[in-house]
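# Structural overview for review
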2 protein chains.
Amino acid sequence: MATSSHDIEEGLALLPKFDADGLVTAVATDVVSGDVLMVAHMNAEALAKTIETGEAWYFSRSRKKLWKKGEESGHVQRVSELRVDCDQDAVWIKVEQLGPGACHTGRRSCFYRAAPLGQKAAVSLTFSDAEKTFDPGAVYRGKV
Amino acid sequence: MATSSHDIEEGLALLPKFDADGLVTAVATDVVSGDVLMVAHMNAEALAKTIETGEAWYFSRSRKKLWKKGEESGHVQRVSELRVDCDQDAVWIKVEQLGPGACHTGRRSCFYRAAPLGQKAAVSLTFSDAEKTFDPGAVYRGKV
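Just so it is clear, the structure is predicted and the values come from calculations on it, not from any experiment.

Next up on the list: the overall build of chain A. The helix and strand inventory of chain A stands at three helices and eight strands. Considering only C-alpha atoms, chain A reaches an extent of 50 × 40 × 30 Å along its principal axes. Taking the intrachain contacts of chain A between residues at least 6 apart in sequence as the baseline, contacts between residues at least 24 apart amount to 44%. Of the roughly 6,700 Å² of accessible surface on chain A, a fraction of 52% belongs to carbon and sulfur atoms. Where the 18 positive side-chain charges of chain A centre and where its 20 negative ones centre are 8 Å apart.

Rendered as C-alpha cells:
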C-alpha cells in the first residue's frame, strides 16, 4: 500500500522522504544558545547512525561519503533531541557542540555573516559572531 | 575571474551557491524561542525579495512557484536577521512569526515529532509540541 501524506504528516512512523540523491536536510542548532550551527545532509545510514548513537552523522555531498561530525577535528555533536518535519524531508537536531566550534572555517557556527535588510541593490554582508574560535589549519591538518 | 572558495567563505559579497534547481536551503527560526519553525528553499528572486522587503519569501518545489509566506494564511514571517553560511548554499532567517503558526498542518513549527535516541531497530516517533494552534482547513480553505 502506498504511504499517504496523512501517514507521513500525522503518523508516528519514521518515513524519511529522501531526495533523488538519497538525502534529507539536517539542521543542527546549539541546545544552549539556540543558534543554528550548520546545515548539512543525511542519507539513510547517517540518519540511522545519528539515532542509534546519539551523535551526529552526516553525508558529505562533496566528498560523497558518510561522515561523523568531529571524526577529524574532535568537535563531536552530542544530540539531545532529533525531530522530523511535517513532510519528513528535513530533520532538526539540537546538539551539544563539543570543542570550540562546528564550522570548518574555525567559527562556532557556519552562519557568521549577515545580510542587511531593506536593500534592493547589490548586498554587502557584515560579519556577525565571526571571531574564530579555533585554527582550522591546525585542527584539520592543512586540509582546509 | 572565477570566484574562489576564499571569496565565498571569507568575503563580504553575497554570492549564493544555488543548486542545480536554482535553490538554496532556508531555515527559519523563531526569534523569540529559537525553535526551528520550518526548512524550505529560496531561489534568487525569493532571496532578493526577502532581503528587500524584510518578509520571508520562498520557492515552492512542489508547486514550482515563488511564494510569500503567509500570502494565503496571513501567517507572514517578519525577518529580524538573515545570515548566510560558510559556503553560501544555506540561509538562516530569524523571524517574528505572525499568527498562530508556520506549519501547513496547523502547528506553530513543522517539527512536531521527535525520534527516540539510542535505538537500532524501527523507530517510532513521539509527538512533541504537536498541539494544533490553528485549523488548517479553515485557514487554507480546504487546500490542505
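Bringing the relation of the copies chain B and chain A into the picture now. Superposition record for chain B on chain A: RMSD 0.0 Å, screw rotation 180°, translation along axis 0.0 Å. In short, the pair behaves as if placed about a two-fold rotation axis. No C-alpha of chain B lies nearer the rotation axis than that of Gly-34 of chain B, which sits 2.5 Å from it. A shared interface surface links the copies, since 100% of the contact residues of chain B are contact residues in chain A too.

Strand order in this open sheet of six strands is 2(A)-1(A)-6(A)-5(A)-7(B)-8(B), and the pairing throughout is mixed. If you trace the sheet from one side to the other, it starts and ends with strand 2 (36-42) of chain A together with strand 8 (126-127) of chain B, each paired once. With six bridges joining them, strand 1 (residues 24-30) of chain A and strand 2 of chain A adopt antiparallel strand pairing. By the bridge assignment for strand 2 of chain A, Thr-29 of chain A is matched with Val-36 of chain A.

Within the sequence span of helix 2 (residues 44-53) of chain A, burial applies to Ala-46, Leu-47, Thr-50 and Ile-51 of chain A. Here the buried residues of helix 2 of chain A occupy an arc of 130° about the axis, which is enough to place them on one side. At its buried positions, helix 2 of chain A is contacted by strand 2, strand 3 (57-60), strand 4 (65-68), strand 5 (77-84) and strand 6 (90-97) of chain A together with strand 7 (113-115) of chain B. At the exit of helix 2 of chain A stands Gly-54 of chain A, carrying a positive phi of roughly 70°.

Our focus in this paragraph is empty space enclosed by the protein. Residues and elements named next belong to chain B. Applying the stated rule across the entire model yields one cavity of 30 Å³ or more. In this model, the largest cavity occupies a volume close to 30 Å³. Taken together, Leu-14, Pro-16, Val-24, Leu-47, Val-84, Gln-88, Asp-89, Ala-90 and Val-91 form the lining of the largest cavity. Residue composition of the lining of the largest cavity, by class: seven nonpolar, one polar and one charged.

Turning next to the pairing of strand 3 of chain A. Residues and elements named next belong to chain A. Pairing analysis gives four bridges linking strand 3 to strand 4, with the strands arranged antiparallel. Its bridge partner lying in strand 4, Ser-60 is registered against Lys-65. Where strand 3 folds back on strand 4, the antiparallel hairpin that results is connected by four residues, among which Lys-64 adopts a positive phi of roughly 50°.

A few words on the interface of chain B and chain A. Taken residue by residue, the interface counts 55 residues in chain B and 55 residues in chain A. Each partner contributes to the roughly 4,600 Å² buried at the junction of chain B and chain A, and carbon and sulfur atoms together form 57% of this total. It is Leu-12, Phe-111 and Arg-113 of chain B that lose the most area in chain B upon contact with chain A, and together they represent 16% of the buried surface on that side. One can count ten salt bridges joining chain B with chain A. Asp-89 of chain A serves as the salt-bridge partner of Arg-61 of chain B, at 3.1 Å between the closest nitrogen and oxygen.

What follows deals with the packing of aromatic side chains. Within the structure shown, the criterion is met by six aromatic pairs over all chains. Between the aromatic rings of Phe-111 of chain A and Trp-92 of chain B, the centroid separation amounts to 5.9 Å while the plane-to-plane angle is 85°, which identifies the pairing as edge-to-face. Taken as a pair, Phe-111 of chain A in the loop between strand 6 and strand 7 (113-115) and Trp-92 of chain B in strand 6 (residues 90-97) lie in two separate chains rather than in one. Residues Tyr-58 of chain B and Trp-67 of chain B carry aromatic rings whose centres are separated by 5.1 Å and whose planes lie at 40° to one another, so their mutual orientation is tilted. We classify Tyr-58 of chain B as buried; its relative accessible area is 0%. Judged by relative accessible area, which is 17%, Trp-67 of chain B ranks as buried. Between the NZ or CZ atom of Lys-49 of chain B and the centre of the ring of Trp-57 of chain B, over which it lies, the distance is 4.7 Å.

What counts and what doesn't
- Residues numbered from 1 in each chain as written.
- Chains lettered and ligands numbered in written order.
- Predicted model: local features only at pLDDT ≥ 70, side-chain atom pairs only at ≥ 80, totals over all residues.
- Heavy atoms only, no water.
- Helix = DSSP H or I, 4+ residues; strand = E, 2+ residues; numbered from the N terminus.
- Contact = heavy atoms within 4.5 Å.
- Areas by Shrake-Rupley, 256 points an atom, 1.4 Å probe, with all protein chains shown as cover.
- Lys, Arg positive; Asp, Glu negative; His and termini not counted.
- Charge placed at Lys NZ, Arg CZ, Asp CG, Glu CD.
- Least-squares fit on C-alpha atoms with pLDDT ≥ 70 in both.
- Pairing = 2+ DSSP bridges.
- Buried < 20%, exposed > 50% of the residue type's maximum accessible area, 1.4 Å probe, protein only.
- Arc of directions from axis to C-beta.
- 1 Å grid on protein atoms, 1.4 Å probe; cavity = no way out; pocket = protein on both sides within 12 Å on 5 of 7 lines; lining within 4 Å.
- Points joined across faces, edges and corners; volume = space filled by probe spheres on them.
- Nonpolar A, V, L, I, M, F, W, Y, C, P; charged D, E, K, R; others polar.
- Buried area = accessible area lost by both parts, 1.4 Å probe.
- Salt bridge = Lys/Arg side-chain N within 4 Å of Asp/Glu carboxyl O.
- Phe/Tyr/Trp six-rings, centres within 6.5 Å; stacked < 30°, edge-to-face > 60°.
- Lys NZ or Arg CZ within 6 Å of the ring centre and 35° of its normal.

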